[in-house]
Amino acid sequence: MTDELSECIQKIDLKDSKSDDESTSSSSSSSGGELANEFEIEDVEALLKEGKVKNIVMVVGAGISTSAGIPDFRTPGTGLYSNLERYNLPYPEAVFDIKYFKKRPQAFYTLSKELLPGLYAPTITHHFIAQLGKLGILKRIYSQNIDGLERLAGLEEEKLVEAHGSFASSRCTRCKKVYPNSEVHPMLRAGTVMECTSCEDRNDRAYVKPDIVFFGEGLPDRFHDLLNDDLEECDLMIVMGTSLYVYPVGGIPDGVGNDCPRILINRELVGSFKEDRRRTADAFYCGNADDGALRLAKALGVEEEVKESYKNLKASIDKKREEINNN
Ligand code: APR
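Everything quoted here is computed from the prediction, not taken from an experiment.

As enumerated under the stated definition, the model contains 10 aromatic pairs in all. Ring geometry for phenylalanine 73 and tyrosine 81: centres 5.3 Å apart, planes at 45°, overall tilted. Residue phenylalanine 73 is classed as partly exposed on the basis of its relative accessible area, which comes to 24%. By relative accessible area, tyrosine 81 is classed as buried at 13%. For the pair phenylalanine 101 and tyrosine 109, a centre-to-centre distance of 6.4 Å together with 20° between the ring planes defines the contact as stacked. Of the residues examined, phenylalanine 101 reaches a relative accessible area of 1% and is grouped as buried.

This part takes up the UniProt feature "binding site: Zn(2+)" (unreviewed entry) in the protein chain. Listed under "binding site: Zn(2+)" (unreviewed entry) in the UniProt record, and renumbered for this structure, are Cys172, Cys175, Cys196 and Cys199. With the annotated positions falling across 28 residues, the maximum pairwise C-alpha distance of 8.5 Å places them together in a single cluster. Beyond its immediate stretch of four places on either side in the chain, cysteine 196 contacts Cys172, Cys175, Tyr179, Ala206, Tyr207 and Val208. Along the chain, cysteine 199 turns up in the loop between α7 (181-190) and β6 (208-212).

Glancing now at the sheet that holds strand β7 (residues 236-240). In spatial order, the strands read β3-β2-β1-β7-β8-β9; together these 6 strands make up an open sheet with parallel pairing. Single-partner strands in this sheet number two, and they are β3 (160-162) and β9 (282-286). This sheet shows a mean twist of 15° between the axes of neighbouring strands, independent of strand direction. One ladder, built from 3 bridges, connects strand β2 (residues 138-143) with β3; its direction is parallel. Bridge pairing in β3 places serine 143 opposite glutamate 162. Sheet strands in contact with helix α8 (residues 221-233) are β1 (56-60), β2, β3 and β7, and its direction is about 135° off that of β2.

Calculation notes
- Think of each chain on its own: its residues are numbered from 1, step by step along the sequence as written.
- With pLDDT at 70 or above as the cut-off, local features in this predicted model cover only qualifying residues; side-chain atom pairs require 80 or more to be listed or tallied, and sums for whole chains, interfaces and linings still use all residues.
- Calculation of side-chain values draws on the structure's entire complement of heavy atoms; hydrogens and water are dropped beforehand.
- Each Phe, Tyr or Trp ring, with Trp reduced to its six-membered ring, pairs with another whose centre is within 6.5 Å; inter-plane angles below 30 degrees give stacked pairs, above 60 give edge-to-face pairs, and intermediate values give tilted ones.
- Type-normalised accessible area, obtained with a 1.4 Å probe on protein chains alone, sets the label of each residue: buried when under 20%, exposed when over 50%, and partly exposed for intermediate values.
- UniProt positions are given in the numbering used here, feature names are shortened, and annotations may be inferred rather than shown by experiment.
- Note on contacts: a residue pair qualifies if any of its non-hydrogen atoms lie within 4.5 Å across the two residues.
- A run of H or I in DSSP becomes a helix once it reaches four residues, and a run of E becomes a strand once it reaches two; helices and strands are each numbered from the N terminus.
- A pair of strands is labelled paired if DSSP reports no fewer than 2 bridges between them.
- Note on geometry: axes are lines fitted to C-alpha atoms, helical ones only across the stretch in contact, with angles between N-to-C directions running from 0 to 180 degrees.

Structural data, given as structure tokens:
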């Protein structure tokens, strides 16, 4: 067992014993980091191998992009929220809070230099997701990420809901005037706050913000338009690389029936995978998203395709990055 995996299991045991202390009545007899049922990743692999799965719904977060070099938010020490001291924020999430942005946009603009999609290569997990689309068994993926790597890996738009928006477009936070990326992205890359030119005659300034969903803003209509039907048709829920900390996305996995198979592929046990003892088919793969993705890709007979598309795209993006650095 790799160190990481044993650390992961220990973390769960610790968490699980902590939550048992707190819980008044735990209905399950299981202790430590096990789930209440005996469902394992091997059972999910069997479902995939037997072609029994036609409508996978996925929920993913920053943990599927960490192997691309993009930090997640809450992993202690390396997560984004552990490294924002220099912005003197009242609390870490303020950098993505709409009220704070309207008064102090600089923190977000400075951070954007690191967040703006550009020269990160999609991970093995992103290519696995694109393969599920090609196989016709992906109903939808609800991504919390703003890095655009699902699209870059070749996933068709129709299958993707970017629940927390993206950098694909930008507008004034007051008059909603849309600004072209050709004007906005250079400002974001430079960390220079962009003011709205239509609002400048007002007595207070208004700033241009990419269409990322900030705390205090609503999610895209597409999220609400598609979710209920997707959950109705879901025959396998795959959750990867997320703390399930932020709602409403964090609640999506709870929206399927108790008998709908669910698998969490994550470095830690999170959300109702930790608590909901009624579920009969919850699996937990404790480890890296890319390793879990390759397990499922192998069960579907597309492991080589995933590895090949990952290698080829990464090589071309690395080459592009080198050319830019050399110019
Ligand atoms: N493989 C598997 N799991 C991983 C990996 C990896 N390589 N790297 C990190 N993780 C796990 C972490 O252990 C954690 O449980 O992924 C999860 C990432 O959780 P967060 O950092 O909270 O990221 P996320 O769930 O995407 O955050 C949700 O919070 O601040 C908001 O809008 C922001 O969309 C974001 C939302």
